[in-house]
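# Residue-level structural notes
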Amino acid sequence: NRIARLPERCDGLTSLEVLHLHNNCLGALTTGISSLCSLEVLWASYNSIVELPPGLEHCTSLTEIKLSHNALDDLREPDRGILKLPGLTRLHIHRNRLLEVPDRESLHQESGVADIGDLTS
C-alpha cells in the first residue's frame, strides 16, 4: 500500500482490534485512532511518522505497538503517554530519530512493557 493519510474520524470502528499500517507513506496518525476502544495491536512501522496523536493513551486495550523505522524524535508528552497503557506488553520503537530514550530497565519499571525491542538502533 502507499497510504499517505488516514481519515480524521474512525467512528463505527469501535470493534476494530488489529490495525496494520506498516510500510506506507504516513507522516502522522490521526487523532481518530484514540476512539478505537477495542484496538489491541497497532503496527505502523516503515512510515514517516514524526509524532503520535494525542489521546492514544486512551486506547487502553492496546497490548502491542510497533513504530520502528519512522521519524519519531521524542517520547516526551504526549507521546510518552503510551507508556502508561495498562496492558501494553510490546513496544518496538527502534530505527527512529529519538534523541533520548530511557534505559530498558526504566521503561520496564515505568510501563510494565515486557518486550521493548531494540532501542539502540
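Going by the structure above, here's the rest.
Residues numbered from 1 in each chain as written. Predicted model: local features only at pLDDT ≥ 70, side-chain atom pairs only at ≥ 80, totals over all residues. Heavy atoms only, no water.

## Topic: unusual backbone geometry
Located in the positive-phi region is Asn23, a residue other than glycine, with phi close to 60°. Tracing the backbone through its elements, the reader meets Asn23 in the loop between strand 1 (18–20) and strand 2 (41–43). Despite not being glycine, Tyr46 shows a phi value in the positive range, around 60°. Note on placement: Tyr46 falls in the loop between strand 2 and strand 3 (64–66). (Helix = DSSP H or I, 4+ residues; strand = E, 2+ residues; numbered from the N terminus.)

## Some points on the sheet that holds strand 4 (residues 90–92)
One key point about sheets: their strands pair by backbone hydrogen bonds, in either a parallel or an antiparallel sense. An order of 1-2-3-4 is seen for the four strands of this open sheet, with the pairing classed as parallel. Only two strands of the sheet have a single partner each, and these edge strands are strand 1 and strand 4. Neighbour to neighbour, the strand axes of the sheet diverge by 5° on average, direction disregarded. Across three bridges, strand 3 lies against strand 4 in parallel orientation. By the bridge assignment for strand 4, Lys66 is matched with His92. (Pairing = 2+ DSSP bridges. Axes fitted to C-alpha atoms, helices over the stretch in contact; angles between N-to-C directions.)

## Considering the pattern of salt bridges
Tallied over the entire structure, the rule returns two salt bridges. For the salt bridge of Lys66 with Glu64, the shortest nitrogen-to-oxygen distance reads 3.6 Å. For Glu64, a relative accessible area of 10% gives the class buried. A salt bridge links Arg90 to Glu64, with the shortest nitrogen-to-oxygen separation between them at 3.7 Å. Pair noted here: Arg90 is in strand 4 and Glu64 is in strand 3, with a separation of 26 residues, a long-range link. With a relative accessible area of 39%, Arg90 lands in the partly exposed category. (Salt bridge = Lys/Arg side-chain N within 4 Å of Asp/Glu carboxyl O. Buried < 20%, exposed > 50% of the residue type's maximum accessible area, 1.4 Å probe, protein only.)

## Focus: the side chain of Ser68
Here Ser68 is to be found in the loop between strand 3 and strand 4. On the accessibility criterion, Ser68 (6% relative accessible area) is buried. At a separation of 3.0 Å, a polar atom in the side chain of Ser68 contacts the side chain of Ser45. (Polar contact = N/O pair within 3.5 Å; in protein donor to acceptor, adjacent residues only side chain to side chain.)

These values are about where atoms sit, not about what they do.
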